[in-house]
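Structural features, examined
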Amino acid sequence: MVLSLFTDNSRTSTKLDMQPLKRYSSNYKLSEGEMHIDAVLRKKFPKADTIKVTDISGGCGDMYEIRIYSEEFEGVRVVQQHKLVTNALKEEVGKMHGLRIFTSTPE
């Protein structure tokens, strides 16, 4: 499994950065896997300003990109932020080929 960890603590990104390109279409609907992961993360991070889950596997549901802006990450090291996310998705991560995580605090 590939696990890519990213963060944006520079606060230079915009909300637009959090929008995967395919979501610009008003016709785009979340896949079942995206909805499930989104629900798990919203339960774990109730104070999150933004949570975006995107299936980047081409549709098979084996690789996701997750972006979370949450005040719950304030003062938490990047590695710990990502560990919180992977721990929340422990069951789901075991079934994935890869996961990209981007975390930050709200602007």
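Please read all numbers here as calculations on a predicted model, not as lab measurements.

A word on the side chain of Asp55. In this fold, Asp55 is placed in strand 2 (residues 48-55). At 2.5 Å, the side chain of Asp55 forms a polar contact with the side chain of Ser57. At a separation of 3.2 Å, a polar atom in the side chain of Asp55 contacts the main-chain amide nitrogen of Gly61.

The next subject is the confidence of the model for the chain. For the chain, the mean per-residue pLDDT works out to 81, and 74% of the residues sit at or above 70. Throughout residues 9-16 the model reports pLDDT below 50, and contacts reaching past four residues in sequence, or to other chains, amount to 18 contacts. For the stretch residues 18-25, pLDDT sits under 50, and the model shows 20 contacts to residues farther than four places along the chain or on other chains.

Considered for burial, the residues of helix 2 (residues 78-88) that qualify are Gln81, His82, Val85 and Thr86. Projected down its long axis, helix 2 shows its buried positions confined to an angular sector of 130°, all on one face.

Secondary-structure assignment places Glu34 in helix 1 (residues 32-44). Looking at Glu34, its side chain comes within polar contact range of the main-chain nitrogen of Ser31, at 2.7 Å.

The next subject is the pattern of salt bridges. By the definition in use, this model includes 4 salt bridges. One salt bridge connects Arg42 with Asp38, and the closest N-O pair in it is separated by 2.8 Å. Of this pair, Arg42 and Asp38 both sit in helix 1, 4 residues apart, which is roughly one turn of the helix. Owing to a relative accessible area of 40%, Arg42 belongs among the partly exposed residues under this scheme. Exposure remark for Asp38: the relative accessible area of 15% places this residue in the buried category. Two residues, Lys95 and Glu91, come together in a salt bridge whose shortest N-O distance is 4.0 Å. We note that Lys95, like Glu91, is exposed. One salt-bridge network, held together by shared partners, links Glu65, Arg67 and Arg100.

Right, let's get into the nonpolar core. In terms of nonpolar packing, the biggest core is built from 16 residues, with Ile37, Leu41, Ile66, Ile68 and Val85 touching the most fellow members. Mapped by element, the contributors of at least two residues to this core are helix 1, strand 2, strand 3 (63-70) and strand 4 (98-104).

The geometry of helix 1 relative to helix 2 is characterised by a closest axis approach of 10 Å and an angle of 120° between their N-to-C directions. Considering the angle they form, helix 1 stands oblique to helix 2. Helix-helix and strand crossings are classified by hand; for helix 1 and helix 2 the assignment is right-handed. Residue-level contacts link Val40, Leu41 and Lys44 of helix 1 to Leu84, Val85 and Ala88 of helix 2.

Definitions and cut-offs
Each chain has its residues counted from 1, running along the sequence as written. Totals for whole chains, interfaces and linings use every residue, but because this is a predicted model, local features are given only for residues with pLDDT of at least 70 and side-chain atom pairs only at 80 or more, for both listing and counting. Side-chain measures here rest on the full set of heavy atoms in the structure, leaving out hydrogens and waters. Helix and strand assignments come from DSSP, with helices taken as H or I runs of at least 4 residues and strands as E runs of at least 2, each series counted from the N terminus. Think of a polar contact as two N or O atoms within 3.5 Å of one another; within protein, one of them needs to be a possible hydrogen donor and the other a possible acceptor, and neighboring residues in sequence only count if both atoms come from side chains. Each residue carries a pLDDT value, the predictor's own confidence for that position, ranging from 0 to 100. Here, two residues are considered to be in contact whenever any of their heavy atoms come within 4.5 Å of each other. Burial status follows relative accessibility: with a 1.4 Å probe on protein chains alone, a residue under 20% of its type maximum counts as buried, one over 50% as exposed, and anything between as partly exposed. The directions from the helix axis to the C-beta atoms are what the arc is built from. Salt bridge, as applied in this entry: a Lys or Arg side-chain nitrogen positioned within 4 Å of an Asp or Glu carboxyl oxygen. Definition used in this section: a nonpolar core is a set of buried Ala, Val, Leu, Ile, Met, Phe, Trp, Tyr and Cys residues joined via side-chain atoms within 4.5 Å. In this analysis, axes come from line fits to C-alpha atoms, helices being fitted only over the stretch in contact, and the angle between any two N-to-C directions falls in the range 0 to 180 degrees. For this classification, under 35 degrees means roughly parallel, over 145 means roughly antiparallel, 65 to 115 means roughly perpendicular, and everything else is oblique. Each helix crossing is assigned a hand: it is left-handed if the near helix lies turned anticlockwise from the far helix by less than a right angle, otherwise right-handed if that turn is clockwise.

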